[in-house]
Amino acid sequence: MGFSLTDVISICDFSKKDIDFVLEKAAELEKTPKEKKSRILEGKIIASLFFEPSTRTRLSFETAIQSLGGKVIGFADPAVSSASKGETLSDSIRIISGYADIIVMRHFIEGSARRAAEVVKKPVINAGDGANQHPTQTLLDLYTIKKEFGKISGLKIGLLGDLKYGRTVHSLMYALAHYPNAEVFCISPESLRMPQEIIQANSGKLKIVETRDLQEFLPELDLLYATRIQKERFVDEFEYEQIKNIFVLGKQVLEKTKKGFRIMHPLPRVNEIKPELDSTEAALYFEQARNGLPVREALLSIMKDVEK
Ligand code: NCD
C-alpha cells in the first residue's frame, strides 16, 4: 500500500507520497457510486470523541463514517463523558479502543492525540489538538487547492490572521513545504505571528515572507487563506478585544487582486470575511468545507486496514 502511517496525528509525519495517496483516494471516492461506497466500512465501529467544540469536522467525519457503511459511537460534549468525573485521557481511550476499530478525537491539550495513539492498538486520527495540529483539515485544504488550481507547486499563498494559535495554518505550512516553489506570505499582527520554530523548520523548503501588511502583497497572491482569531486560546480577553477585527475582508479586496484569485477559510468565520464576498468567484470556503467529506472518507477507508 502507498500509505506508511498507522495513525494520523501530525502532518509532519506524512511523506509527500502519503499525502498524494490520500488525495488520490479522495478523488476516487468522489466518483464512486453511493451503493459501492456504503460497503467500505461495513461491520466497523468508529469512535468519534470530541472533547472540544466542532461542527464541520465532527459532522463530516460522522457523515463519512455513515456513507461508508460504518457505525459511530462517541460524544460531542465531554461533559457527558467520564472525563468530567476525572478519568484520565489514557484510561478513556484504552477503554474505548476495546469497543471501536478506529478512534477519531479532538482535544484541547496539545499532544493529546499522540499520547492516545501510544496507548492503544487501534488507529487514532487527530481531529485537532489544542493550538498544535489539524492534519485532516490540511489534507482537505490541499485537496481543495489542487482541485481549484490544478496544482499546488508554484502558487503564492497568503496565510492571514491568527497564525500563532491557528492549528490549521500550522499544519498547512508543513504540508506546503512538500511543493516546490510554493511561496507563503504570513500576514498577521505582531502578537499573533507564526511560531518561529515553524518558520525555521520550513524556510529551507519554502519562500516565506512575514508581514503585518495585507495590502502590500495582495496583488501578488493566488490564494488567501484567512483564519479566525482563536478567542478560546487567549489568556487576556482585553487583548482579544483589541485585535479581533484586525483583518476584515470585503468586496474591495477584489479590486486589487489578480485574475483567478481565491479565498479559503477553515470556518467558522467570525468577522474575517464579509458575507458580501460569498457570492463572488473568489469565495472557495464553502466548497472547501464540502471537500471535508471525500477526504475524511479516504482517511477512514485507508485506516480501516491498518495494523499497529
Ligand atoms: C478550525 C479548527 O477547529 O481549528 N475549524 C475547523 O476544524 N474547520 C478553525 C477554527 O476553529 O478557527
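Residues numbered from 1 in each chain as written. Predicted model: local features only at pLDDT ≥ 70, side-chain atom pairs only at ≥ 80, totals over all residues. Heavy atoms only, no water.

Things to note about the sheet that holds strand S2 (residues 71–75)
Spatial ordering of the open sheet is given by S2-S1-S3-S4, a layout of four strands whose pairing is parallel. One side of each edge strand has no neighbouring strand; the edge strands of this open sheet are S2 and strand S4 (124–129). In this sheet, adjacent strand axes meet at a mean angle of 15° when their direction is disregarded. Here four bridges tie strand S3 (residues 102–107) to S4, and the two strands are oriented parallel to one another. When the bridges of S4 are listed, Ile103 appears paired with Val124. Strands in contact with helix H12 (residues 292–303) are strand S1 (45–50), S3 and S4; relative to S3, the strand with the most contacts, it is inclined by about 130°. (Pairing = 2+ DSSP bridges. Helix = DSSP H or I, 4+ residues; strand = E, 2+ residues; numbered from the N terminus. Axes fitted to C-alpha atoms, helices over the stretch in contact; angles between N-to-C directions. Contact = heavy atoms within 4.5 Å.)

Some words on the pairing of strand S7 (residues 207–211)
Judged from the five bridges that link them, strand S6 (residues 183–187) and S7 form a sheet pairing that is parallel. Opposite Val184, over in S7, you have Ile208 as the bridge partner. Following the chain from S6 across helix H8 (residues 196–202) to the adjacent parallel S7, one finds a crossover that is right-handed. (Right-handed = clockwise from strand over helix to strand, strands pointing away.)

With respect to the packing of aromatic side chains
Scanning the model with the defined rule gives seven aromatic pairs in all. When the centroid spacing of 5.6 Å and the interplanar angle of 70° are considered together, the rings of Phe234 and Tyr240 count as edge-to-face. For the residue pair Phe234 and Tyr240, the accessibility class agrees, reading buried in each case. (Phe/Tyr/Trp six-rings, centres within 6.5 Å; stacked < 30°, edge-to-face > 60°. Buried < 20%, exposed > 50% of the residue type's maximum accessible area, 1.4 Å probe, protein only.)

Quick word on H12
Spanning 12 residues, H12 covers 16 Å between terminal C-alpha atoms, matching the ideal 16 Å at 1.5 Å per step. Every buried residue of H12 is accounted for by Gly292, Pro294, Val295, Arg296, Glu297, Ala298, Leu299, Leu300, Ser301, Ile302 and Met303. (Expected span 1.5 Å × (residues − 1).)

Concerning the site of the ligand
Around the ligand, a shell composed of Arg56, Thr57, Arg106, His134, Gln137, Arg167, Thr168, Arg228, Gln230, Pro266, Leu267 and Pro268 is seen. Note that an oxygen atom of the ligand is positioned 2.9 Å from one of the side-chain N or O atoms of Thr57. Between the ligand and His134 there is a distance of 2.7 Å, counted from an oxygen atom to a side-chain nitrogen or oxygen. Burial of the ligand by the surrounding chains reaches 93%, relative to a free accessible area of 320 Å². Only helix H3 (56–67) and helix H7 (167–176) provide two or more residues apiece to the shell around the ligand. Here the residues of the shell around the ligand sort into three nonpolar, five polar and four charged. Viewed by domain, the shell around the ligand spans two of them, domain 1 (11–134 + 292–303) and domain 2 (137–290), each represented by three or more residues. (Near = heavy atom within 4 Å. Polar contact = N/O pair within 3.5 Å; in protein donor to acceptor, adjacent residues only side chain to side chain. Areas by Shrake-Rupley, 256 points an atom, 1.4 Å probe, with all protein chains shown as cover. Nonpolar A, V, L, I, M, F, W, Y, C, P; charged D, E, K, R; others polar. Domains from an automatic or database assignment.)

Focus on the packing of helix H6 (residues 135–149) against H7
Running from amino to carboxyl end, H6 crosses H7 at an angle of 55°, the nearest separation of the two axes being 8 Å. Looking at the two axes, H6 sits oblique to H7. As H6 runs across H7, the sense of the crossing is right-handed. Contacts from Pro135, Gln137, Thr138, Asp141 and Leu142 in H6 reach Thr168, Ser171, Leu172, Ala175 and Leu176 in H7. In the contact of H6 with H7, the residues fall into five nonpolar, four polar and one charged. (Parallel < 35°, antiparallel > 145°, perpendicular 65-115°, else oblique. Left-handed = near helix turned anticlockwise from the far one by under 90°.)

Regarding the domain arrangement of the protein
When its domains are assigned, the protein resolves into domain 1 (11–134 + 292–303) and domain 2 (137–290). Using only C-alpha atoms to locate each centre, domain 1 and domain 2 end up separated by 25 Å. With 28 residues of domain 1 at the interface, the matching set in domain 2 holds 24 residues. Summing both sides of the interface, domain 1 and domain 2 together bury roughly 2,200 Å²; the carbon and sulfur share of this comes to 59%. Counting the contacts that link domain 1 with domain 2 gives three salt bridges. (Buried area = accessible area lost by both parts, 1.4 Å probe. Salt bridge = Lys/Arg side-chain N within 4 Å of Asp/Glu carboxyl O.)

As for the pairing of S2
Pairing of S1 with S2, which is carried by five bridges, proceeds in the parallel orientation. Considered in S2, the bridge of Ile45 is made with Lys71.

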